[in-house]
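# Residue-level structure breakdown
Here's the letter readout for the chains.
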Amino acid sequence: RGRYAGVGSISCDMCRAGFVPDIRQSSCKACELGTNASEDGSECLSCPRGRYAGVGSISCDMCRAGFVPDIRQSSCKACELGTNASEDGSECLSCPRGRYAGV
C-alpha cells in the first residue's frame, strides 16, 4: 500500500509525503485541496472539521486565532466583525449579547 512502480521498474517505491499512488499504481499524484495522505500513504483523507490543507499537504492544520477554513478547507479566512472562531476552529460564531469582536 502507498507504493508505485513505473514502466520497467525493478522495485516499488513509496510516494513522497502528501502524494499517493495513482489508480494504476504507476506514478504518484498530489492529494487535493482539503485532504492529506493517510499514514501509510495509500489514500488521501478529508481534513477533519476546523482544519485545512493545500495541494500535496502532509498534514491538515488549524487556522490561527480568528480564522476558519474556507468552504473547500484549502486555506483560512478571517471571521467577520462581530464574530469569532468556535473552539474547534470550524466556524465563525456571533458574539454573545453585550460582547464584541473587532479586527
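Everything discussed here concerns the structure shown above.
Read on for a plain summary of the structure. (Residues numbered from 1 in each chain as written. Predicted model: local features only at pLDDT ≥ 70, side-chain atom pairs only at ≥ 80, totals over all residues. Heavy atoms only, no water.)

## Quick look at the environment of Arg 99
Residue placement: Arg 99 occurs in the segment after strand E12 (92-94). Taking relative accessible area as the criterion, Arg 99 reaches 63% and is therefore assigned exposed. (Helix = DSSP H or I, 4+ residues; strand = E, 2+ residues; numbered from the N terminus. Buried < 20%, exposed > 50% of the residue type's maximum accessible area, 1.4 Å probe, protein only.)

## A few points about the pattern of salt bridges
Within the structure shown, the criterion is met by one salt bridge. We note a salt bridge from Arg 49 to Glu 91, for which the minimum N-O separation is 4.0 Å. Residue Arg 49 is found in the loop between strand E6 (44-46) and strand E7 (51-52), and its partner Glu 91 is found in the loop between strand E11 (83-85) and E12; the two are separated by 42 residues along the sequence. Owing to a relative accessible area of 38%, Glu 91 belongs among the partly exposed residues under this scheme. (Salt bridge = Lys/Arg side-chain N within 4 Å of Asp/Glu carboxyl O.)

## Here we look at the state of the cysteines
For the coordinates displayed, the defined rule picks out five disulfides. The partner cysteine of Cys 47 in its disulfide is Cys 60, sulfur to sulfur 2.1 Å. Across the disulfide from Cys 47 to Cys 60, rotation about the S-S bond amounts to roughly -80°, and the bridge is consequently left-handed. Note that Cys 47 is positioned in the loop between E6 and E7 and Cys 60 in the loop between E7 and strand E8 (61-62), a separation of 13 residues in sequence. You'll find Cys 47 and Cys 60 in the same group, each marked buried. A sulfur-sulfur distance of 2.1 Å marks the disulfide that ties Cys 63 to Cys 76. Taking the torsion about the S-S bond as the criterion, the Cys 63 to Cys 76 disulfide, at about -95°, is left-handed. With Cys 63 in the loop between E8 and strand E9 (67-69) and Cys 76 in strand E10 (residues 76-78), this residue pair connects regions lying 13 residues apart in the sequence. Here Cys 63 falls in the buried class, since its relative accessible area comes to 12%. (Disulfide = S-S within 2.5 Å.)

Limitation: the analysis is restricted to geometry and does not speak to function.
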